[in-house]
Structures are given as structure tokens and as C-alpha cells.
Amino acid sequence: MPILKPVSASTAPPQQHKQPSRKGKKAWRKNVDVTEIQDGLEEVRDEIIKGGVIAEKSSADLFTLDTVGDISIPKKHLKEPKRLRADEIIAQRSAVPAVSMRKRPGEGTTDGLIEAKRQRTSYVSHKELTRLRHIANGLKKETDIEATEASYDPWDVQRDIEEATQDPRFSFLQKAQKKKAPKTLKQKPISLAASGKDIPAVKKPEGGFSYNPVFTDYEERLVNEGERELAAEQKRRAAIEEEQIKQEASAISAAEATAAEARAELSEWEEDSAWEGIESGTEDVRLNSKRPERKTQVQRNKIKRRKEEERKAKMAADIKRKNEQASQAKKIAKAVAERDNARAVALLQELNEDDSSEGDDLELRRRKLGKISLPERDLELVLPDELQESLRLLKPEGNLLKDRYRSLLVRGKVESRRPISFAKKAKRKATEKWTHKDFMLH
């Protein structure tokens, strides 16, 4: 701690001018005024914290000599004069060329649009002619690609062992596993046809699908499609009628329940409004005061024998029923086995008779893949007045993407799913971290 020196040195002893007497309490040491000394010490401590006592530093540490000057002064005062608006307009360069003073524009003057090159339709280049001659003569064009021997061996066991070994420095890391194909990829897809046969990706069309079909084929297909649509319409109407019947029955039951509640409330009101006292139907009934007599030992033995006979008869009936069920179960199992064998033989005969037949996607089995029903097949039929004799007049119809998607579903390649256009996204809340506010002064 540096020593504080007085402003002016004096040889006289310290004096207390504010103290007229030295015999009172004010002359005590605790009452001496040392405020200036404390302020001086605090000021010296602040200077030491900030880098040292200013009185002890030299002028080189306190002052610097500026030899460069302030950069902002020339930027502020030495500015270029502002240009006139007319000079700025004249200095602008337009992309449009200036108007020529000549009466007739020259050949070099254009409107800025480049004309497209005209393609020669009746001209064959020499290079194309040479290529066509080589193709006609059966000559193949020599390629500059050189065949190189493959250096990668997929069946190299040593390479697999080297890749499986892990560096001991990175033993804490998980080993990289190769991608494995799912087991279901090797399984055969399940066809959804009712016959169980494989449905081809692109079915060969019959004669009735032609743009100019034979009358007999077209009539047969028209009748079949009409009967199918009629059956679907009848099924739809039957479902609507059944739904209406259910709604009417529910309405009737609701009305009956309401009427029953009303009757119950009315009966309760009548009971409450009865004459004073409690009405009961047992007022005129006389109680039998005679107590039951005690059974004798003979009666007890007789009851015991009867219960034992009933138990034996019930046990015999249960045994008989179980034997009948066992014999009936054997008969049912035998009948089921015979039916399965007959079905397998019939299916085998059908497959042997028609091995080249393909499955049809018109009749599908009841159990589908997934919970979502399959999309309906588009009706590929043209009315008689819309038939065209020429292929050029035929209009393309249908959607190829929907057709291919339904083909994948029917063949069992993929599972039917419901399209989700607006999927729910996780709600995210943006917050500001407070880590920049958690600091400490050391």
C-alpha cells in the first residue's frame, strides 16, 4: 500500500482547528474525523485495480502521440460534390441502340431478335450417310473402350474378415453392420384372386376389348358387364333398404322406451297420491303359526339314499354324453378329412387340366392384405355408338398410374394403404436459451 503524502510539507505538529478543547468526549480517538483519509485510500485502491496509481506512472504510460489523425474527418468534410440530375440521366447507357439519322437502315441494324436457323429437311450429312452405309453393310463401329479385369471379388472371405476386425482404439464404437434384405423379399407374393392363381402384370386382352371387335364377342362382353353392374346396383339398394329398416326400428324402440318411462312416472305419481297409510296386499293374509316338525332318522336316511341315486344317475348321464361327443367328434374329423382330400384332388385335377390358365382379378378372395379395401376396377367398356372403325379416331381413356397401382395390389406385391394428404406434424415450440445469461465473474 503506497504512503499518502500531504500536499505541502510542514514541520509544525498536527493541529485540530475544529477542536476547541481536549478535555471532552470529542477529543477521543473514535471521534476524530478521518473521512478524507478514507476517501483517499478508496481512490488509491480503485486506481490499483484499474492498472496502477496514476501519480506513480510516467508520462509515456499515460499519454500517446497521434501521428495518423482521425480517418472520419476527411470522409466527413472532403466529399465529392453532388452531381446534377441532368448529368446522371445523360450518363445512363440504354440497351436499346440510338435512332439512326439515315433514311434507310443499313444491313447491320437489327431489331435485336435472332432468327432461328432453318433446318434442311431433304439434306443428309456425309457423316450420317457413312454411318447408314456401315449399318447396311453389317459393319460395327469400333469403340475405344478397353476391357479391364475386375479387381473386386464379392466372395473374398479374407476381405470380409479384415472388414469385420475393428481397431482396438475404437472398441467403444458399435460395429458397422451390413444391410440385410428382409426375409419376406424371398417369399412368393400371395395372389388375391379367388382361384389362387397368379395374376399376370399385363393381361392379354380378349376379342371384346378390341377397338373394332367382332359382334358376337362384343355382345357377350356387353351382356356380362351389364349383369355385373346390375347385381352391384341391386346390392347397393338392398344395403340402403336394410339401413332404413334399422333406422325405423331404432326410432320405434326409442318411442316405446319414452312411452314406458312416461307410464312409469304416472304410476309412481298414483302411488304417491294414495290415501294415508301404507297399502299392501298382505293385510288380509293370515300367517301360519305352525312350525315345521323335526325329521326322524328314517326320513333323513331316505333323503340321503335319494340324493345318492340322483348323483349316480347324473354321473352316468354325463359319461354317456361325453362318449357320444367323442364318437361324434371322430365322425366330424373323418368327414372333414374326406372333404379336404376331395377338395385337394379336385384342385389338383383342375391345375393339371389347365396349367396355362391365369388368374382373374374380377373375382377376388374375401381376405385382403391390410384393413383398407382395394380400389374398384375401372369399367373398360365402350358403348355401341362410341365404337370407332379406325385406330386413329380412337380416344385414349383411363389412368395408367391407377391401373399399375391396382395391379400391384391384386398381385400381392404391396399392401393397400389410405392416402394421407394432410398428415399431422409434431408441434414445435421455439424458445430462447438462457445459457448466455448464466455467467459468473471470477
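A quick note: this is a predicted structure, and the numbers were derived from the prediction, not measured.

The subject of this paragraph is the overall build of the protein chain. A count of helices and strands for the protein chain gives 9 helices and 0 strands. Listing the helices and strands of the protein chain from first to last along the sequence gives α-α-α-α-α-α-α-α-α. Considering the protein chain as a whole, with its 442 residues, one finds that 6% of them fall into the buried category. Looking at the protein chain alone, contacts between residues at least 24 apart form 71% of all its contacts between residues at least 6 apart.

As a further point, take a positive patch on the surface. Where like charges cluster on the molecular surface, the positive patch consists of Lys302, Arg305, Arg306 and Lys307. Relative to the helices and strands, Arg306 is located in helix H8 (residues 297-353).

Further remarks concern the packing of aromatic side chains. Across all of its chains, the model carries 0 aromatic pairs by this definition. Above the face of the Phe209 ring, Arg221 is positioned so that its terminal group lies 3.8 Å from the ring centre.

This part takes up the confidence of the model for the protein chain. In this model, the protein chain carries an average pLDDT of 79, and 79% of its residues clear a pLDDT of 70 or more. For the protein chain, helix H3 (residues 72-77) is the element with the lowest average pLDDT, namely 80, and helix H1 (residues 35-50) is the one with the highest, namely 91. Confidence drops under a pLDDT of 50 for residues 274-278, and excluding neighbours within four residues, the segment shows 2 contacts in the predicted structure.

Within the secondary structure layout, Ser191 lies in the loop between helix H6 (157-164) and helix H7 (215-272). Judged by its relative accessible area of 9%, Ser191 is buried. Not counting residues up to four positions away in its chain, the partners in contact with Ser191 are Gly196, Lys197, Asp198, Ile199, Arg365, Val410 and Arg411.

This part is about the pattern of salt bridges. One pass over the structure, following the stated rule, counts 12 salt bridges. Residue Arg85 pairs with Glu88 through a salt bridge whose shortest N-O separation is 3.2 Å. One end of the pair is Arg85 and the other is Glu88, both in helix H4 (residues 85-91) and 3 residues apart, which spans about a single turn. Overall, Arg85 belongs to the exposed group, its relative accessible area being 56%. What makes Glu88 partly exposed here is its relative accessible area of 30%. Note that Arg404 and Asp403 form a salt bridge whose closest N and O atoms lie 3.9 Å from each other. Note on Arg404: relative accessible area 29%, which makes it partly exposed. Look at the salt bridges and you will find they share partners, linking Glu233, Arg236 and Arg237 into a network.

Leu192, Ala193, Ile199, Leu374, Leu409 and Val410 together form the largest nonpolar core, which totals 6 residues. The residues touching Val410, leaving out its near neighbours within four places in the chain, are Ser191, Leu192, Ile199, Asp361, Leu364 and Leu374.

The next point concerns H1. Between its first and last C-alpha atoms H1 spans 23 Å; for 16 residues at 1.5 Å apiece the expected length is 22 Å, and the two agree. Those residues of H1 not exposed but buried are Gly40, Val44 and Glu47. Buried residues of H1 fall within an arc of 60° about the axis and therefore sit on the same side. Relative to its buried face, H1 has exposed residues pointing more than 90 degrees away, namely Ile49 and Lys50. Within two residues after H1, Gly51 carries a phi angle of roughly 140°, on the positive side.

A few words now on a negative patch on the surface. Together, Asp33, Glu36, Asp39, Glu43 and Asp46 make up a region of like negative charge exposed at the surface. Within the secondary structure, Glu43 sits in helix H1.

On to helix H9 (residues 400-410). Every buried residue of H9 is listed here: Arg406, Ser407, Leu409 and Val410. Projection of H9 onto a plane perpendicular to its axis shows the buried side chains occupying an angular sector of 160°, all on one side. More than 90 degrees from the buried face of H9, the exposed residues found are Leu400 and Leu401. Two to three positions downstream of the cap, the backbone nitrogen of Leu401 sits 3.1 Å from a side-chain oxygen, assigning the N-cap of H9 to Asn399. Positive backbone phi, at 80°, marks Gly412, one or two positions downstream of H9.

Bringing the environment of Thr258 into the picture now. Take Thr258: it is sitting in helix H7. Assessed through its relative accessible area of 51%, Thr258 is described here as exposed. One polar contact links the side chain of Thr258 to the main-chain carbonyl oxygen of Ala254, over a distance of 2.8 Å.

Rules and cut-offs
Residues numbered from 1 in each chain as written. Predicted model: local features only at pLDDT ≥ 70, side-chain atom pairs only at ≥ 80, totals over all residues. Heavy atoms only, no water. Helix = DSSP H or I, 4+ residues; strand = E, 2+ residues; numbered from the N terminus. Buried < 20%, exposed > 50% of the residue type's maximum accessible area, 1.4 Å probe, protein only. Contact = heavy atoms within 4.5 Å. Patch = residues over 30% accessible without salt bridge, like charges linked within 9 Å, V, L, I, M, F, W, Y side chains within 5 Å. Areas by Shrake-Rupley, 256 points an atom, 1.4 Å probe, with all protein chains shown as cover. Salt bridge = Lys/Arg side-chain N within 4 Å of Asp/Glu carboxyl O. Lys, Arg positive; Asp, Glu negative; His and termini not counted. Charge placed at Lys NZ, Arg CZ, Asp CG, Glu CD. Phe/Tyr/Trp six-rings, centres within 6.5 Å; stacked < 30°, edge-to-face > 60°. Lys NZ or Arg CZ within 6 Å of the ring centre and 35° of its normal. pLDDT = per-residue confidence, 0-100. Core = buried A, V, L, I, M, F, W, Y, C linked by side-chain atoms within 4.5 Å. Expected span 1.5 Å × (residues − 1). Arc of directions from axis to C-beta. Polar contact = N/O pair within 3.5 Å; in protein donor to acceptor, adjacent residues only side chain to side chain.

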